[in-house]
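Residues per chain are reported as follows:
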Amino acid sequence: MRQSRLLLNTLREAPADAEVISHRLMLRAGYIRQLAAGIYTYLPLGRRVLRKAEQIVREEMDRAGALEMLMPVLQPAELWKESGRYSVYGPELMRLNDRHDREFALGPTHEEVITSVVKGEINSYRKLPVTLYQIQTKFRDERRPRFGLLRGREFLMKDAYSFDTDWEGLDESYRKMYQAYNRILTRCEINFRAVEADAGAIGGEGGTHEFMALADIGEDTIAACTLCEYAANLEQAESKAVRMESTERSPEEKPVKFHTPDIRTISQLVQFLGVRPSDIMKTIVYAADKTAVAVVVRGDREVNEIKVQNFLRAQDLSIADAAAVEKAVGAPVGFAGPFGLNIPVLLDEEVLGMANGIAGANEADYHYRNLNPSRDLTNYEIGDFRQAAEGDGCPRCAEGVLKLSRGIEVGHVFKLGTKYSDKLGASFLDAAGKSGSIIMGCYGIGVSRILSAVIEQNHDANGIIWPFALAPYQVHLIPVSVKDDAQMRMANDMYRHLQEKGIEVLMDDRDERPGVKFKDSDLIGIPLRVVIGKDAVQGRVEFAERKSGLKEIITVEAACERIFKRARLAKPAD
Ligand code: ATP
Ligand code: MG
């Protein structure tokens, strides 16, 4: 491509509302333009990168044996009513009416449509298993569309759905998709972790993993072991339970009630008594589907509400208000404790190991000391109800500790089970002629979001640094002066030669100052650059790598060889 013919406008400044670097750079380098909040045009350069990401996804889906199809964006509301999601999905679902006033939705995801398709096409175990996928524009009326392509209202997703006759089959289909996702993100050169995620809300019956690109601007926090493979969403992360040594040493004594006038919080108790937060049992009263429940964690810990909610299988969980606390424990907020309580008590496993701890006495202005949960408490359920924290011991290996980092969710694999096949009636007959519900999995990857994640991880002060596999062009060929015959002859020869060998070349044939050309080139981020300047007469060029910053004066032939070699390396391994 000759740059003089390319629709490309680079900007010195990004619009002020572009907050994150990937968004700023994509605007400045002329990849995308915003039409409305969360809705973008891909300019020619952006379209090329999007296609590359799409193609990597397609190749790996095909390699995993999935079949590509294309489903409608426009979906009748009846289908969503059948699955029960028309109301549940809420305002994120874009809704519209046709001229006959029939209700439709713009697909945010396709479980309903694919299940109804499969219901019509598959009735026997002979046609299973099968995994189907599409790469398509999705619509979600996000509450806060932001960060450019990271959270759009219209975005490109690959969604795949697997159909099996039994759970072992689903495990195998899931494993294949999991592997495919690893390959996709590796080919995109994304630094990622596959993390165990929470299945609660979507209501699946099996496992689920999120694929997280590590980046400071990520909206999710993940806990990963420094030594082993363990990684989980913080919502879900486990940690080794630690038995803390108590600062108080009087194990024979019974719990003693003592006066703590208006001392309600952990930090007030710490000050008042001169103890450590870990000597105190933090007791929080929740309303779980309107029933009061007390959750107890060590005072230096936070309650993980998702773990509590999953344990209780509650639809709804919220901290009880002051009146509800008073009713449940018989004391104002700040004086609840597990000892002598008449509501269900959930003890975090670390609390059971506490010795001579301090807790509220369920009486205004009083606490207990010398509380030994394993000796003094009788009615409780024990579990992991705490939030994992940086530096906690890894739950899986002996030596590792957890490190917290931020991540961008780029992909999600999920064992659905029979949720949709039951609702929509997708069943099959087995070899014995018995009918069963098809067992499903669903697998999403944010194709457009990948672009942002890649830039978040690959840029410098001057611009984008594309991985070879995603770059809009592989080589940026820059004749320094288009008025110089020798330079232009060499540039045109090289341009033709590289293209004949299948290399994607952008040639900057604009009559611009060299400084302008180099600045634009850095901003656009093409991985290899060949500058043709004064040395052209000696048959030499400057060969440069955007990522390493390497610059060398070499012969044209040597430069071409380097380029071919790089292109060969980029071919995916089997
Ligand atoms: P998030 O928690 O970020 O909203 P999600 O859990 O709603 O994501 P899924 O429904 O699992 O996402 O969708 C599959 C994939 O589609 C996600 O992993 C993500 O990469 C991508 N995706 C989801 N929402 C958006 C969006 N608004 N803009 C761009 N990509 C998105
Ligand atoms: Mg979402």
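What counts and how
- Residues numbered from 1 in each chain as written.
- Chains lettered and ligands numbered in written order.
- Predicted model: local features only at pLDDT ≥ 70, side-chain atom pairs only at ≥ 80, totals over all residues.
- Heavy atoms only, no water.
- Helix = DSSP H or I, 4+ residues; strand = E, 2+ residues; numbered from the N terminus.
- Contact = heavy atoms within 4.5 Å.
- Areas by Shrake-Rupley, 256 points an atom, 1.4 Å probe, with all protein chains shown as cover.
- Lys, Arg positive; Asp, Glu negative; His and termini not counted.
- Charge placed at Lys NZ, Arg CZ, Asp CG, Glu CD.
- Near = heavy atom within 4 Å.
- Polar contact = N/O pair within 3.5 Å; in protein donor to acceptor, adjacent residues only side chain to side chain.
- Nonpolar A, V, L, I, M, F, W, Y, C, P; charged D, E, K, R; others polar.
- Expected span 1.5 Å × (residues − 1).
- Buried < 20%, exposed > 50% of the residue type's maximum accessible area, 1.4 Å probe, protein only.
- Phe/Tyr/Trp six-rings, centres within 6.5 Å; stacked < 30°, edge-to-face > 60°.
- Salt bridge = Lys/Arg side-chain N within 4 Å of Asp/Glu carboxyl O.
- Domains from an automatic or database assignment.
- Pairing = 2+ DSSP bridges.
- Core = buried A, V, L, I, M, F, W, Y, C linked by side-chain atoms within 4.5 Å.
- Axes fitted to C-alpha atoms, helices over the stretch in contact; angles between N-to-C directions.

Asker: Please set out the overall build of the chain residue by residue, giving values where relevant.
Answerer: Within the chain, the regular secondary structure consists of 16 helices and 31 strands. By its C-alpha atoms, the chain is 95 × 65 × 45 Å across when sized along the principal axes. Residue pairs in contact within the chain that sit at least 24 positions apart in sequence constitute 70% of those at least 6 positions apart. With the model as given, the accessible surface of the chain reaches about 26400 Å², and the carbon-plus-sulfur share is 49%. When the 77 positive and 84 negative side-chain charges of the chain are each reduced to one mean point, those points stand 5 Å apart.

Asker: Account for the site of ligand 1, with residues named and values stated.
Answerer: Taken together, 15 residues lie near ligand 1, and Arg140, Glu142, Arg151, Gly152 and Glu409 sit nearest. Val410 places a main-chain nitrogen or oxygen 2.9 Å from an oxygen atom of ligand 1. A distance of 3.0 Å separates an oxygen atom of ligand 1 from a polar atom in the side chain of Arg449. Compared with its free state, where it exposes 580 Å², ligand 1 has 81% of that area covered by protein. Elements with a minimum of two residues in the shell around ligand 1: strand S8 (154-164), strand S21 (402-417) and strand S24 (439-446). Counting residues per element, the shell around ligand 1 draws most heavily on S21, at 4 residues. Split into classes, the residues belonging to the shell around ligand 1 amount to 5 nonpolar, 5 polar and 5 charged.

Asker: Got a sec to walk through helix H2 (residues 44-63)? Specific residues and values, please.
Answerer: With 20 residues, H2 ought to run about 28 Å at 1.5 Å a step, and its terminal C-alpha atoms sit 28 Å apart, in line with that. Along H2, the residues that are buried comprise Leu45, Gly46, Val49, Leu50, Lys52, Ala53, Glu54, Ile56, Val57, Arg58, Glu60 and Met61. Gly65 occupies a position one or two residues after H2 and carries a positive phi of about 90°.

Asker: Just give me the short version of the packing of aromatic side chains, but keep the residues and values in it.
Answerer: As enumerated under the stated definition, the model contains 8 aromatic pairs in all. Geometrically, the ring pair formed by Phe339 and Tyr368 is edge-to-face, given 5.0 Å between the ring centres and 80° between the ring planes. Here the residue Phe339 occupies a position in the loop between helix H9 (322-329) and strand S17 (345-348), and Tyr368 occupies one in strand S19 (residues 366-371), the gap between them amounting to 29 residues. Since its relative accessible area comes to 14%, Tyr368 is described here as buried. Among the aromatic residues, ring-to-ring pairing joins Tyr178, Tyr181, Phe192 and Phe211 into one connected group.

Asker: Lay out the pattern of salt bridges in plain terms, naming residues and giving numbers.
Answerer: This structure, assessed with the given rule, holds 44 salt bridges. Across the pair Arg146 and Glu219 runs a salt bridge whose closest N-O atoms are separated by 2.8 Å. Residue Arg146 is located in the loop between strand S7 (130-139) and S8, and its partner Glu219 is located in the loop between strand S10 (208-214) and strand S11 (220-225); the two are separated by 73 residues in the primary sequence. Relative accessible area serves as the criterion here: at 36%, Glu219 is assigned to the partly exposed category.

Asker: Please provide a residue-by-residue account of the domain arrangement of the chain, values included.
Answerer: According to the domain assignment, the chain consists of domain 1 (15-236 + 404-455), domain 2 (256-383) and domain 3 (473-570). The C-alpha-based centres of domain 2 and domain 3 are spaced at 68 Å.

Asker: Outline the pairing of strand S14 (residues 281-288), listing residues and values.
Answerer: In the case of a regular strand, side chains alternate between the two sheet surfaces. Summarising burial for S14: 6 of the 8 residues are buried, a large majority. Direction of pairing for S14 relative to strand S15 (residues 291-298): antiparallel, over a ladder of 8 bridges. Counted as the bridge partner of Lys282 is Val297 from S15. Inspection of the sheet shows S14 paired to strand S16 (residues 317-319) by 3 bridges, in the antiparallel sense. Bridge pairing links Ala287 to Ser318 in S16.

Asker: So what about the nonpolar core? Which residues, and what values?
Answerer: Formed by 61 residues in total, the largest nonpolar core has its most connected members in Tyr31, Met61, Ile184, Leu185 and Trp466. Those residues in contact with Met61 that sit more than four places away from it in its chain are Ala66, Tyr133, Lys158, Ala160, Met177, Ala180, Tyr181 and Ile184. Core analysis: the next-biggest nonpolar cluster, separate from the first, contains 26 residues, Ala77, Tyr86, Ile122 and Ala426 among them.

Asker: Explain the environment of Leu470 residue by residue, including any values.
Answerer: Structurally, the position occupied by Leu470 is in the loop between strand S26 (463-464) and strand S27 (475-479). Sequence spacing of Leu470 and Ile56 is 414 residues, and the spatial spacing of their C-alpha atoms is 8.9 Å. The contacts of Leu470, once residues within four sequence positions are left out, are Val49, Lys52, Ala53, Ile56, Cys188 and Val454.

Asker: Residues and numbers for the sheet that holds S17, please.
Answerer: Sheet strands pair via backbone hydrogen bonds, and the direction of the pair is either parallel or antiparallel. Reading across the sheet, the 5 strands line up as S16-S14-S15-S17-S20 and stay open at both edges, with mixed pairing between neighbours. Bordering the open sheet on either side are S16 and strand S20 (381-383), each of which pairs with just one other strand. Neighbour-to-neighbour, the strand axes of this sheet turn through a mean angle of 30°, independent of strand direction. Relative to S17, S15 is paired through 3 bridges, and the arrangement is parallel. Counted as the bridge partner of Val295 is Leu346 from S17.

Asker: Go over the sheet that holds strand S29 (residues 528-532) with me, naming the residues and quoting the values.
Answerer: The strand order S28-S27-S29-S30-S31 describes an open sheet built from 5 strands, whose pairing is mixed. Of all strands in the sheet, those with a lone pairing partner are strand S28 (505-507) and strand S31 (551-555), marking the two edges. With direction set aside, neighbouring strand axes in the sheet form an average angle of 25°. Bridge count for S29 against strand S30 (residues 540-545) is 4 bridges, and the pairing is antiparallel. Among the inter-strand pairings, Val531 is bridged to a residue of S30, identified as Glu542. The sheet strands contacting helix H14 (residues 485-500) are S27, S28, S29 and S30, and the helix crosses S27 at an angle near 165°. Sheet strands touched by helix H16 (residues 556-569): S27, S29, S30 and S31. Its angle to S31, the strand with the most contacts, is close to 115°.

Asker: With reference to specific residues and values, describe H14.
Answerer: Look at H14: 22 Å from first C-alpha to last across 16 residues, which is about the 22 Å you get at 1.5 Å a residue. Here H14 has its buried residues at Gln487, Met488, Met490, Ala491, Asn492, Met494, Tyr495 and Leu498. The secondary structure elements touched by the buried residues of H14 are S27, S28, S29, S30 and H16. Phi for Gly502, located one or two positions after H14, is positive at around 85°.

Asker: Break down unusual backbone geometry for me, with residues and values.
Answerer: Along the chain, Leu128 connects to Pro129 via a cis peptide bond; the corresponding omega equals 0°. One can find Pro129 in the loop between helix H5 (111-121) and S7. The phi angle at Phe147 is positive, at roughly 60°, despite the residue not being glycine. Take Phe147: it is sitting in the loop between S7 and S8. The phi dihedral of Asn356 is positive, around 55°, even though this residue is not glycine.

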